Amino acid sequence: MANSKKQHRTVARGALRRFLHNRMAVVGLVIFLCIVALTVYAVFAVDFESTTAIDPPNRLQPPSAAHWFGTDEMGRDIFARILYGARYTLSISFAATLVAVIIGGIFGAAAGYVGGQVDTLIMSVMDVFMCLPSMLLAIAIVVALGNSVGNLIWAIGVSNIPKFARIVRSSVLSVRNTEYVQAAQVIGTPVIRIIFGHILRNCLGPVIVQATLIFAMAILSVSSLSFLGLGISSPTPEWGNMLSSARANMRNHAYMVIAPGMAILLSIFSLNLLGDGLRDAIDPKMEL
């Protein structure tokens, strides 16, 4: 047991060292942490009323010292709306990713460990979902269930379940017949404890990498659905609906589109860099 823990610590240190030597991954981490810090700052510093109150005399003001990102067609400060909108975009994306990780992980673990007809049934259902574009499936779920934050989370989460199910199943199959799992079975360890205590803990690497990349895709999905009017609707600020509202004025007031567009771009860009860095750190062979 002691040797196993020591080996895990050695592997973790090696992964951390490789990650810190990857400059682009560190840049992605720093950018994303800055976005999260600004989001947390908005919770305490930005009043919701200030992001929704109409101020006609200040409408369509260009970026200035008073309004860093300018004002929109209603006179609302775009910088404050970007910060406040991050709460919705990031929290919904994170919750949707968590739904996909948990449900997909359960299905994948069951399919890989039990095998047989259970594996065939679960993966057949996952294959059906994989045949549908995730964005199209999310739109269909939102339209069917209705437009709300909860339905938006489930729509994006369910559309990404097959990706995690396949990854976890593959990882479980690779460690199911190892000596330590067989030893746990011989001494009568409960199946649930074997799966969560011995198997899944050794599958966390690929799951974390995939979760980082799906988080980035979820941000794009949340913004896209809001842009189409199927997500967070105005006057509540969200990056996607801010882009949708700015379309009518983008020719003469491009800053209205640039601000929320850059927020989406930087978030996805940083998470992709972070995901690539984690992949290379956890599995150095991926660099080759």
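The structure this text deals with has already been given above.
An account of the accompanying structure is given in this report. (Residues numbered from 1 in each chain as written. Predicted model: local features only at pLDDT ≥ 70, side-chain atom pairs only at ≥ 80, totals over all residues. Heavy atoms only, no water.)

1. With respect to the overall build of the protein
- Tallying secondary structure elements over the protein gives 13 helices and zero strands in all.
- What you see in the protein, going N to C, is helices and strands ordered as α-α-α-α-α-α-α-α-α-α-α-α-α.
- Burial analysis of the protein (288 residues in total) assigns 43% to the buried set.
- Per element, the accessible surface of the protein, about 15300 Å² overall, is 67% carbon and sulfur.
- Side chains of the protein carry 21 positive and 14 negative charges; the gap between the two charge centres is 11 Å. (Helix = DSSP H or I, 4+ residues; strand = E, 2+ residues; numbered from the N terminus. Buried < 20%, exposed > 50% of the residue type's maximum accessible area, 1.4 Å probe, protein only. Areas by Shrake-Rupley, 256 points an atom, 1.4 Å probe, with all protein chains shown as cover. Lys, Arg positive; Asp, Glu negative; His and termini not counted. Charge placed at Lys NZ, Arg CZ, Asp CG, Glu CD.)

2. With respect to empty space enclosed by the protein
- Evaluated as defined, the whole model comprises one cavity of 30 Å³ or more.
- There is about 70 Å³ of room inside the largest cavity.
- When contributions to the lining of the largest cavity are tallied by element, the ones reaching two or more residues are α4 (78–114) and α12 (239–246).
- Ranked by the residues each element gives to the lining of the largest cavity, the list is headed by α12, at three residues.
- Here the residues of the lining of the largest cavity are counted per class, giving four nonpolar, one polar and four charged. (1 Å grid on protein atoms, 1.4 Å probe; cavity = no way out; pocket = protein on both sides within 12 Å on 5 of 7 lines; lining within 4 Å. Points joined across faces, edges and corners; volume = space filled by probe spheres on them. Nonpolar A, V, L, I, M, F, W, Y, C, P; charged D, E, K, R; others polar.)

3. Considering the packing of aromatic side chains
- Evaluation of the coordinates by the stated rule reveals five aromatic pairs.
- With centroids separated by 5.8 Å and ring planes inclined at 85 degrees, the aromatic side chains of Phe 32 and Phe 215 adopt a geometry described as edge-to-face. Highlighted residues: Phe 32 in helix α2 (residues 23–45) and Phe 215 in helix α11 (residues 204–227), separated in sequence by 183 residues. Phe 215 shares its class with Phe 32; the two are buried.
- Aromatic pair Phe 94 and Phe 215: ring centres 6.1 Å apart, planes at 65 degrees, arrangement edge-to-face. Here Phe 215 lies in helix α11 and Phe 94 lies in helix α4, a separation of 121 residues in the sequence.
- The exposure class of Phe 94 is partly exposed, given its relative accessible area of 49%.
- Pairwise contacts between aromatic rings join Phe 32, Phe 94 and Phe 215 into one cluster.
- Note that Arg 87 overlies the ring of Tyr 84, its terminal NZ or CZ placed 4.6 Å from the centroid. (Phe/Tyr/Trp six-rings, centres within 6.5 Å; stacked < 30°, edge-to-face > 60°. Lys NZ or Arg CZ within 6 Å of the ring centre and 35° of its normal.)

4. A look at the side chain of Arg 76
- Within the secondary structure, Arg 76 is located in the loop between α3 (48–52) and α4.
- Take Arg 76: its relative accessible area is 5%, and that puts it in the buried class.
- Once you skip the residues sitting within four places of it in the chain, Arg 76 turns out to touch Thr 51, Thr 52, Ala 53, Gly 70, Thr 71, Arg 81, Ser 234 and Pro 235. (Contact = heavy atoms within 4.5 Å.)

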